[in-house]
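# Close look at the chain arrangement
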Amino acid sequence: MRVYLIRHAKAERRDAERWPDDSLRPLSPRGRERFEAAAAALSRPRDAVDVVLASPYRRAWQTAELLATHAGWPAPTSCPPLASASIEAVVAAAEAATRDGAERVALVGHEPQMSALASWLLTGDQILRFRWRTGAIARLEVERWAPGAATLEWFAQPRLLAR
């Protein structure tokens, strides 16, 4: 199964006056613009996905919507564990989504969870460190949702994808 792990695009700066609830903080105009180009690079048929699970936080949800608009991926499905839950909860949600035959899955979330999930899938532990900038994407080949059951196909920062 092909799995895309995506950190949300660049968001507005934290500001408790504007967004007392940080989950409502949106993408910045520049973050949106940069990620649109990265998302367009994923519009090739070989990069198509069957299901997109996204954190319900506004910035992650907006990133997933950009993937739907510019890459032609499906509309996102809310996945609350991607907001802040444990790796096990995220894996359980992903497993449930793939039980219906989805072979290509995208998970749109936050740091440090994306790094932790990638490391767990690749090594069975959380020992790997990634420089997972906003908008970065990793593509893994996952045999099953288990520790160490994945192979990293590629990891790209958004500027590289946009090129």
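Residues numbered from 1 in each chain as written. Predicted model: local features only at pLDDT ≥ 70, side-chain atom pairs only at ≥ 80, totals over all residues. Heavy atoms only, no water.

## Regarding unusual backbone geometry
Cis geometry marks the peptide bond from E111 to P112, where omega comes out at 5°. Inspection of the secondary structure assignment puts P112 in the loop between β4 (104-109) and α5 (113-123). (Helix = DSSP H or I, 4+ residues; strand = E, 2+ residues; numbered from the N terminus.)

## A short note on the sheet that holds β4
Here six strands make up an open sheet; going across it, the order is β3-β2-β4-β1-β5-β6 and the pairing mixed. The open sheet has two edge strands with one neighbour each: β3 (77-78) and β6 (150-156). (Pairing = 2+ DSSP bridges.)

## Observations concerning the layout of surface pockets
If you add up the space inside the largest pocket, you get close to 340 Å³. Lining the largest pocket are 16 residues, and of these H8, A11, E12, R25 and R59 sit closest to its centre. Residues belonging to the lining of the largest pocket are distributed by class as follows: two nonpolar, four polar and 10 charged. Roughly 260 Å³ of internal volume is contained in the second largest pocket. Forming the walls of the second largest pocket are A9, K10, R30, G31, R34, F35, R133, T134, G135, Q157, P158 and R159. Among the secondary structure elements, those contributing two or more residues to the lining of the second largest pocket are α1 (29-40) and α6 (158-162). For the lining of the second largest pocket, the element with the most residues is α1, which contributes four residues. Looking at the lining of the second largest pocket residue by residue, the classes come out as three nonpolar, four polar and five charged. (1 Å grid on protein atoms, 1.4 Å probe; cavity = no way out; pocket = protein on both sides within 12 Å on 5 of 7 lines; lining within 4 Å. Points joined across faces, edges and corners; volume = space filled by probe spheres on them. Nonpolar A, V, L, I, M, F, W, Y, C, P; charged D, E, K, R; others polar.)

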